[in-house]
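Report on the structure
Letter by letter, the chains look like this.
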Amino acid sequence: MSGRLFRWLVVGFLLVLVAVPLYWILDTSFKTGRQILMSEAIYIPKPFTIENYLYLFEETRFARWLRNSAVVALASTFVSLTIGSAGAYALTRLRFPGRRLFGALVLITYLVPPGLMFIPLYRTFIQIGYSNSLGTLILAYPTFLVPFVTWLLMGFFRSIPRELEEAALVDGATRLQTLGRIVLPLAAPGLLAAGLFCFTLSWNEFLYALIFIADDNLRTLPVGLSEFVVSDFAFWGQLMAAAALASLPVVLVYIYLHKYMVSGLTAGAVKG
Amino acid sequence: MLTAARRILAILIVIALAWTLQPARAADVKLTLWRLKTYIPPADKILDTTIQDCAKQIGADVQIQTYTFDDMWTKYTAAIESKTLPDVAELDSVGPARLANLGRLSDVSDLVGTVTKELGELAPNAEGAVRFGGKFYAVPHYMIPLILFYRKDILEKVGAQPPDTWEAINEISAKIKKAGIQDFPQGFPWNRTGDGYDPAMSLLWSYGAAWVDKSGKYVGMPKDKAVQAIKVVTPAFLTDKTSAFDFLSWSGSGNNEAFMAGKIAFTPNGPSILFQEDSTKHPLRKDTAIKMMPRGPAGRNLALTFVMNWAVPVDGKQQKEARALVACLMSKDKVSAYMTGSFQQAVPPYKNLINHEYWNNADGKVITETVKLGRPVGWPGPTTPAAAEVISSNVLTDMMTRVIVDKVTPEKAVEEADKRIKEIYDRLPVK
Amino acid sequence: MSKVLTQPAPAASRAGGLAWHRVNRVQERLLGYALIAPVAILIVLLIAYPFFNAIWLSLTEKMVGYPAHFVGLKNYVALWESARFRIVAWNSVVYTVGSIGAKVVIGLAMAAALQKAVHGNQLLRGFLLLPWVIPTVVIALTWRWLLDLYRGLFNVGLHDLGIIGGGIHWLGNPDLAMLSVIMANVWRGFPFFGVSFLAAMQTVPQDLYDAASVDGASAWQQFWRISLPSIKGVVAIVTLLSTIWTLNDFNIVYIMTRGGPGAATHIFATYSYELGIQSQRWGMAMAASMYSLPVIALLIIFVVRYLHREEPTS
């Protein structure tokens, strides 16, 4: 089989694979409840309606969920990037006893999955008396974001030549100054990639948000979405509209910045 | 010009000062209330309005939080562990037993006394869920009975009478399938939702397979009767092929949608299907009929799993105001208003309201009869934490799916279930 | 500061005196600890502490609302003897192996197909990365809807194409249900594999391929003999990471099937959730989760050894 044919087959298959579910989301979101229930006009909505989208903002707390998710995602990203870059710098550029061990520890903690940690982590928050608030999530998300960010940035930092910093140090700059003025700017693509990662993972997180937050007003998007199907009657039209809108912010952010995300994945996987 | 501007500015400043200096309102008492998000949005709206009216009446500020049947225990688990239960909690049929056993609910016997004076005697079968050790730990609000929905027109087509027994349902389903009208007419979802474990209890109890005695203590699952019951409903999946495997998946909405999409002829559900059909002017509304769930050799022992009660957890610091709120919510006009606005979903288990004019129609009668015949979770004993866990751990529906999905023999499935039930009762002994 | 970037590093960096270096060492150490402190605190308070708490919990009977009391290995034994849990463990393996296997294959295919720098490749790569970006909850719900028995696109489409008569029980038939959740997992995860492999492949020097072409090797042979071996390390790491995530995946199964029908798609995380929230037994829930740890530990050891063997200089 020629390389060309192979390429076209694979690309074609993947395109269809990705496009079909996306199409189904949009298709359903523009249908009326009756159409969906009675299986009328499956492939193209007829009549075409935006009532589902309107419903989201008029009758549900969708806007609230959007805001909560945004707050948590942005804050978690900021916290994780700060902590992670500080740690990555220390681990790659500074020498201190226990460095190797600590580096390994950071990577190992990444392997403790949320699916296992949700109850004990929740108990911890209850014990310190800080649960059921957006801040709880902002504290919880770095537990799986920071190890990954650290790992990713370590790869990036390593690829920045030491000489640049050493020259600056000799010139009288402090370590922190070299971090801020040389290393970080050069690692900007890495930071951007790491930031995108953090934002995406936080935006999508479901389990912790489900368990740690009891307050209706503090619900994030994923949990809000799952609400549409748990009742006696699944409102698929509204649900798909919500799904489309919930994906939009990350997709937009990503469309503009996906180059960095890819190079970030690369650096992590290849160099790390 | 300038003087005019200055004058206006002066006036504005005076107004602003007056506004900020107005006497602070007496600090409102702040209460939190958790309620179920039901399947009937208009009823929810009535309840919210009622709650706010009552709040004004007692001079409090009430913050309402909602939960669904699915995430109820996620929410309550969190609150139990962090000791942050709301001031007023709407609990389901097992909530009072669980929380009272933990000592987290206040004694509301006096409130119940007041309510029964206005609304009439409390139905005895409603006590099992809320009365422990002679005291009431929650005030019953309403019940949602599970009834059997069926397609009148299809039954007529195959010349069948509305079924009274579980076997009859099998026979009619087979006829419907044979006539080529529907592939999977029998929509019994033995899944992990109320639509699964409620009929499961009704089924077992109608064959005399209850695992506790009148005091609620464990006596063992009567193996033969349980096996007999299982053998009646599993052939629909295994041999007759009149039930679709998809009903065993989790969603509580699958059977509703399938019924309204015209794909099944029988399904157990709360009255919400009627509401959904009415509100969407559904073509099948005229063909949708309801009946009480079937009886078995041991009679008709229908489970009352959807029972909503108002409780006052001890965590709250405003016990007096919380109780006043509940008393207001349970006053005659408020409960009647909710009932009549619920599209026949809510049956308050009090004499005057069960026998109300509102239920005096064909559908209404089926609904109230079911409530009158209903048995609390934990029957023939009261609702206990152990009984609650048997339900919340899905022991009964797991027993069914072991046979249907894992192809285990009914005898083995019953044995496993009994073992699980015994373990639960050992861990949560009944006092 | 711009001086630094335009001038070559002065050779005088070695001069400057030992004293300067000694002070610097101490400063360096302090700074190191200071910068690592936030990470350390995070790890200790919010990862290590809960983790050991989890181990402790798994050795107790802790029901929600009640105090915990020690029961030793009782939970572990009970799970070991439980038919249902054995099904859960097996499902977890099937789910993980199935998903990872498919993702590796599709990832390699994607990398091989996009390897040549062709116009529009960037756009294509971008589009194909979408499933990884979209919230998992959305993906799970969408797949549930796609596979709906009566109205889902799959069944309706297959019916309209004349391929099937009635509907396929994607989520009701126990075997198909497992396949369905695997499909959703693969759809979500393959871009990560594809893009990582692609990036790794692009670091392979073109001359190797040119030399092979001259020698008469086909594209297929080149892939097997050059591309694949060169990216072994990345394949190993990506597979390891994804395996760990997938073994403890929660969202997809929870939303699509809740572990049903029966326990046909129940995996560690969903079962643990059921035990913890529905049955209200936290001790038992933790014991169930802990069973996945030995597998993870073994995997890590295996992969780390493999990597060290391949790249002794790492």
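Residues numbered from 1 in each chain as written. Chains lettered and ligands numbered in written order. Predicted model: local features only at pLDDT ≥ 70, side-chain atom pairs only at ≥ 80, totals over all residues. Heavy atoms only, no water.

All right, on to the pairing of strand β2 (residues 60–67) of chain B then. Residues and elements named next belong to chain B. Of all eight residues making up β2, six are buried, and the element is well covered by its neighbours. The pairing of strand β1 (residues 29–36) with β2 spans eight bridges and is classified as parallel. Within the sheet, the bridge partner assigned to W34 lies in β2 and is Q65. Crossover connection from β1 via helix α2 (residues 41–58) to parallel β2: handedness right-handed. (Buried < 20%, exposed > 50% of the residue type's maximum accessible area, 1.4 Å probe, protein only. Helix = DSSP H or I, 4+ residues; strand = E, 2+ residues; numbered from the N terminus. Pairing = 2+ DSSP bridges. Right-handed = clockwise from strand over helix to strand, strands pointing away.)

Residue and element names in this part refer to chain B. Every buried residue of helix α5 (residues 109–119) is listed here: L111, V112, V115 and L119. Along the axis of α5, the buried residues cluster in a sector spanning 95°; they form a single face. Where α5 is buried, its residues contact β5 (135–136), β6 (139–144), α13 (319–329), α14 (332–340) and α15 (351–354). G120 sits one or two residues past α5 and shows a positive phi near 95°. (Arc of directions from axis to C-beta. Contact = heavy atoms within 4.5 Å.)

Residue-level contacts link 96 residues of chain A with 100 residues of chain C. Across the interface of chain A and chain C, roughly 9,000 Å² is buried in total on both sides, 80% from carbon and sulfur atoms. The interface formed by chain A and chain C contains one salt bridge. Between E28(C) and R95(A) there is a salt bridge whose closest N-O contact spans 3.1 Å. At the surface where chain A touches chain C, the tally comes to 10 residue pairs in polar contact (both at pLDDT 80 or more). Broken down by element, the side of chain A that touches chain C gets its largest block of residues, 17 residues, from helix α14 (residues 236–271) of chain A. Among the residues making up the side of chain A that touches chain C, the classes are represented as 75 nonpolar, 13 polar and eight charged. (Buried area = accessible area lost by both parts, 1.4 Å probe. Salt bridge = Lys/Arg side-chain N within 4 Å of Asp/Glu carboxyl O. Polar contact = N/O pair within 3.5 Å; in protein donor to acceptor, adjacent residues only side chain to side chain. Nonpolar A, V, L, I, M, F, W, Y, C, P; charged D, E, K, R; others polar.)

This paragraph deals with the pattern of salt bridges. Tallying each qualifying case throughout the model produces 39 salt bridges over all chains. Among the ionic pairs, D110(B) bridges to R323(B), the shortest N-O distance being 3.0 Å. In this pair, D110(B) is assigned in helix α5 and R323(B) in helix α13, connecting sequence segments 213 residues apart. Given a relative accessible area of 46%, D110(B) falls into the partly exposed group. By relative accessible area, which is 19% here, R323(B) ends up buried. The network of salt bridges with common partners includes R192(B), D398(B), R420(B), R84(C) and E274(C).

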